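# Structure at a glance
Now for the letters of each chain:
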Amino acid sequence: MPRTLSKQLMKPALICVLSLLTACTTIPSTDTENASTPAIKDERAEKLSRQKEVLKRFFIAVVLREDDWRPSEKETGETFEEYLASDPTLPNPDRRTIYIQPIGKFNAEQKRAVGLSAEYMRAFYSLPVKLNDVIPLGDVPAAKRRRIEYRNNIQIRTAYFLDDVLPKILPDDAAALVAFTNYDLYPGDTWSFVFGQASFSERVGVYSLYRLSDIAFERENDKDRLLTRTLKIAIHETGHMFSMKHCIKYECLMSGTNHLAETDRRPLDNCPECMAKLAWAMNYDPVERYKKLAAFWEKNGRSDEARSFREKAAAVQRTEARQ
Ligand SMILES: [Zn+2]
Ligand SMILES: [Zn+2]
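The sections below set out a description of the structure shown in this document. (Residues numbered from 1 in each chain as written. Chains lettered and ligands numbered in written order. Predicted model: local features only at pLDDT ≥ 70, side-chain atom pairs only at ≥ 80, totals over all residues. Heavy atoms only, no water.)

## Let's talk about the pattern of salt bridges
Applying the stated criterion across every chain, the model contains 16 salt bridges. When the shortest N-O distance is used, the salt bridge between Glu251 and Arg266 registers 3.0 Å. With Glu251 in the loop between α5 (223-241) and α6 (260-265) and Arg266 in the loop between α6 and α7 (272-282), this pair connects stretches of sequence that are 15 residues apart. Judged by its relative accessible area of 6%, Glu251 falls in the buried class. With a relative accessible area of 4%, Arg266 lands in the buried category. Put simply, Lys52, Glu81, Lys249 and Glu273 are held in one network by salt bridges that share partners. (Salt bridge = Lys/Arg side-chain N within 4 Å of Asp/Glu carboxyl O. Helix = DSSP H or I, 4+ residues; strand = E, 2+ residues; numbered from the N terminus. Buried < 20%, exposed > 50% of the residue type's maximum accessible area, 1.4 Å probe, protein only.)

Here you go:
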């Protein structure tokens, strides 16, 4: 299996794939490489630049271990200022709802993870998020499914979702339509599997929960781990749908990952650079957003995460009070 999809295999719209070996491959679009740091454009961006400085102490520099994701030569990272200058895909007044579409059958824990992902995304992106009713898988053409020997498993080709299913149900006001499924996915014949794939230009993505449960690996299951992994993959992939590149500076939710152990080490939040990008893209107040994220974790019994978000809210608030 190749470490990356060859360009011949990839549609230009493909921006991110997760798999066993190459957990998340970003294909840079032709107009987003920035050789120099542009000047900051406006007052709001200036304020975010100031706010991101006080958040640095909550994050550590990226730690790369053996077998971890490594940025390719083309992945140079991206500062907040470079993101501003890159003409990113952003929600607009006509397209600002993220739709979550569950497809196929889910067990109770997976349903919970999908439902909470919708809630977390609402707080994380500060955009309306709508959780659609579950729809059946439908008839998958033979060319878009296969049986793999290991665990005698049927896999569905991601193109079935991205090309056949999702474009037909994409609402006009969707900033993104994200499908969750419990079917195992593959993006092409040379790949063993992928966790998810998103189309940058078409506003659709599909993510699989199939391999996120420890049950799938015949180990004792941990429902918090399933939830955490689902949230991380959903947030990371959707970040790419808003033109965010892989983060190479911090241990960050937008850092690439090669395997689940690495995903497990990543924080449930974006680093200061990536937070500022989102805040600018979604036009949200970082303090209010951190409070919403803290409330999410309080409600869901994770006091460590709640405390971390409350501290970030307080840090930004103190900085602004001094201005
Ligand atoms: Zn990625
Ligand atoms: Zn980051």
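## Brief notes about unusual backbone geometry
Although it is not a glycine, Arg203 sits at a positive phi angle of roughly 65°. Locating Arg203 in the fold gives a position in the loop between β8 (194-199) and β9 (204-208). Given a relative accessible area of 15%, Arg203 falls into the buried group. One non-glycine residue, Asn283, lies in positive phi territory at about 55°. Secondary-structure assignment places Asn283 in the loop between α7 and α8 (286-299).

## Looking at the nonpolar core
In terms of nonpolar packing, the biggest core is built from 67 residues, with Ile98, Ile100, Tyr120 and Tyr125 touching the most fellow members. Top contributing element to this core by residue count: helix α3 (residues 108-125), with nine residues. Contacts of Tyr120, omitting those with residues within four sequence positions, involve Leu231, Ile235, Leu268, Leu293, Phe296, Trp297 and Phe309. Among the nonpolar cores identified, the runner-up in size contains 19 residues, and Ile103, Ile156, Leu170 and Val206 belong to it. (Core = buried A, V, L, I, M, F, W, Y, C linked by side-chain atoms within 4.5 Å. Contact = heavy atoms within 4.5 Å.)

## With respect to the coordination of the zinc ion (ligand 2)
The textbook angles at a metal center are 109.5 degrees for a tetrahedron of four donors and 90 or 180 degrees for an octahedron of six. Of the protein atoms, only Cys247 (SG), Cys252 (SG), Cys271 (SG) and Cys274 (SG) coordinate the zinc ion (ligand 2), at distances of 2.3 to 2.4 Å. Every donor counted, the four donor atoms about the zinc ion (ligand 2) form angles of 105 to 114° at the centre, which fits tetrahedral coordination. We note that the donor set of the zinc ion (ligand 2) lies within a single chain, spaced as C-x4-C-x18-C-x2-C. Taken as a pair, Cys247 in the loop between α5 and α6 and Cys271 in the loop between α6 and α7 lie far apart in primary sequence, 24 residues in all. Of the two residues, Cys247 and Cys271, neither departs from the other in class, the shared state being buried. (Donors = N, O, S within 2.8 Å, 3.2 Å for Na, K, Ca; no water. Tetrahedral: all angles 85-135°; square planar, octahedral: opposite > 155°, others 65-115°.)

## Quick word on the packing of aromatic side chains
This structure, assessed with the given rule, holds 11 aromatic pairs. On the basis of an interplanar angle of 90° and a centroid distance of 4.8 Å, the ring pair of Phe296 and Trp297 is categorised as edge-to-face. There is no split in this pair, since Phe296 and Trp297 are both buried. Taken together through their ring pairs, the aromatic side chains of Tyr120, Phe124, Tyr125, Phe242, Phe296 and Trp297 make up a single cluster. Between the NZ or CZ atom of Arg146 and the centre of the ring of Tyr186, over which it lies, the distance is 3.8 Å. Over the ring of Phe193 we find Arg211; its NZ or CZ atom is 3.6 Å from the centre of that ring. (Phe/Tyr/Trp six-rings, centres within 6.5 Å; stacked < 30°, edge-to-face > 60°. Lys NZ or Arg CZ within 6 Å of the ring centre and 35° of its normal.)

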